[in-house]
Amino acid sequence: MNILVTGSRGQLGSELGELSALTEKQRFFFCDLPDLDITSPTHVASFCHDHAIEVIINCAAYTAVDKAESDAEAAFRVNRDGAAVLAACARERNALLVHISTDYVFDGRSSTPYRETDPATPLGVYGVSKWEGEEQIRRIAPSHCIIRTSWLYSIYGSNFVKTMLRLGAERSELSVVADQIGTPTWAADLAKAILLMVERYEKGALSSVTYHYSNEGVCSWYDFAGAVMELAQLPCKVVAVESSQYPQIAPRPQYSVLSKSAIKKECGLEIPHWRVSLAAMLEKLQQEANG
Ligand SMILES: NC(=O)c1ccc[n+]([C@@H]2O[C@H](COP(=O)([O-])OP(=O)(O)OC[C@H]3O[C@@H](n4cnc5c(N)ncnc54)[C@H](OP(=O)(O)O)[C@@H]3O)[C@@H](O)[C@H]2O)c1
């Protein structure tokens, strides 16, 4: 199988890059801006044609949630229109499109884990742009796998865990919101789940589908920050605050826990608890730092 990974220098794309080195079954092509812009139909089509692409894994996205509020055009161009470009290319080539979406398609008013069939009512521009991207894919690409995930972090790029490590080393006390509830996802775990989807597709066991994937467990950002400090042994006190005390530009769902029942049942996936994966990520980061 020839597999294109778009947005390959991001968190998830980088984790897929690492995993790809462990498999000889597939041939991967990793692309990011400026070499491959997913919003360019001609560019995408000619790349996929030249490399006989059979699977597209779309890790490219506009992910700046707050910036999107004042830069909606750019967010929609990448998250909605770019998704449509890839969907059209996948349809043309009879290829599978694996696409990543977000818990921010939900408004957070639920108090039980969101299922794939729950109505999407995103609160901010980023969430709307991602939801419309999903809808484009469902409409255009006959063969697709959309995976919604939440609170993604990895050793690559910038993310909440790396910010907590930096601030935890600089400060003795840190305020973190305790009334937004969700589940962190280590991008390395999600990358494995994505490759499992590709394997299932190769075996003819994957129909067009939307799944939820995060690590197991539930926490607040305050709990998550506390675990980072504890596991990294940083003597920084984490203080719980309410969202109203920490205003952010884009509205966030108060509760965005995703139900993973479907992907676990249908694909036989075992998903690590978020604390176990956080410990593994921190260990990997430490190893990288030690060279
Ligand atoms: N991060 C989270 O907490 C989170 C949570 C839920 C879901 N997700 C979803 O998970 C997926 C992966 O997220 P991530 O954190 O790995 O994202 P990321 O680190 O921001 O990486 C996205 C990559 O896409 C590239 N890109 C942007 N516009 C592009 C374009 N037009 N053509 C090609 N590449 C483009 C970016 O390049 P530049 O850096 O140069 O812009 C970047 O390398 C995304 O779909 C995201 O919406 C993320």
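Rules and cut-offs
- Residues numbered from 1 in each chain as written.
- Predicted model: local features only at pLDDT ≥ 70, side-chain atom pairs only at ≥ 80, totals over all residues.
- Helix = DSSP H or I, 4+ residues; strand = E, 2+ residues; numbered from the N terminus.
- Rg over C-alpha atoms; globule rule 2.2 N^0.38 Å.
- Buried ≥ 20, exposed ≤ 12 C-beta atoms within 10 Å, placed from the backbone.
- Contact = placed C-beta atoms within 7 Å.
- Near = placed C-beta within 6 Å.
- Nonpolar A, V, L, I, M, F, W, Y, C, P; charged D, E, K, R; others polar.
- Pairing = 2+ DSSP bridges.
- Right-handed = clockwise from strand over helix to strand, strands pointing away.
- Axes fitted to C-alpha atoms, helices over the stretch in contact; angles between N-to-C directions.

Moving on, we get to the overall build of the protein chain. Counting its regular elements, the protein chain contains nine helices and twelve strands. Against the globule reference of 19 Å for 291 residues, the protein chain gives a C-alpha radius of gyration of 19 Å, in line with a compact fold. Viewed in the frame of its principal axes, the protein chain has a C-alpha envelope of about 55 × 40 × 40 Å. For the protein chain, with 291 residues in total, the buried portion stands at 46%. A separation of at least 24 residues holds for 83% of the contacts in the protein chain among residues at least 6 apart in sequence.

Turning our attention to the site of the ligand. Within the structure, the ligand sits among 27 residues, and Gly-7, Gly-10, Gln-11, Ala-60 and Ala-61 are positioned closest to it. Listing elements by their share of the shell around the ligand, those giving two or more residues are helix 1 (11–20), helix 3 (72–93) and strand 4 (96–102). Split into classes, the residues belonging to the shell around the ligand amount to twelve nonpolar, eleven polar and four charged.

Now for the environment of Lys-264. Positionally, Lys-264 belongs in helix 8 (residues 261–267). Lys-264 sits twelve residues away from Arg-252 along the chain, and the two C-alpha atoms are 27 Å apart.

The element strand 1 (residues 2–6) is extensively covered by neighbouring structure, given that four of its five residues are classed as buried. Here strand 1 runs beside strand 2 (residues 27–30); their pairing, made up of four bridges, is parallel. Across the sheet, the residue bridging to Asn-2 is Arg-27, located in strand 2. Tracing the backbone out of strand 1, into helix 1 and back to the parallel element strand 2 gives a crossover that is right-handed. In this structure, strand 1 lies alongside strand 3 (residues 55–58), joined through four bridges in parallel fashion. Opposite Val-5, over in strand 3, you have Ile-57 as the bridge partner.

It is worth spelling out the sheet that holds strand 3 at this point. Across the sheet, which stays open at both edges, the six strands sit in the order 2-1-3-4-5-10 with parallel pairing between neighbours. Whereas interior strands pair on both sides, the edge strands pair on one side only; in this sheet they are strand 2 and strand 10 (209–212). The average undirected angle you get between the axes of adjacent strands in this sheet is 20°. Bridging between strand 3 and strand 4 involves four bridges; their strand directions are parallel. Along strand 4, the bridge assignment pairs Val-55 with Leu-96. Packing against the sheet, helix 1 makes contact with strand 1, strand 2, strand 3 and strand 4, and its axis sits at approximately 150° to strand 2.

Before going further, it helps to examine unusual backbone geometry. Cis rather than trans, the peptide bond between Leu-33 and Pro-34 has omega equal to 0°. Along the chain, Pro-34 turns up in the loop between strand 2 and helix 2 (41–50). Positive phi values are uncommon outside glycine, yet Ala-52 reaches one of about 45°. Within the secondary structure, Ala-52 is located in the loop between helix 2 and strand 3. Exposure remark for Ala-52: the 12 C-beta atoms within 10 Å place this residue in the exposed category. For Gln-233, which is not glycine, the phi dihedral falls at a positive 55°.

Nothing here speaks to function; it is all geometry.
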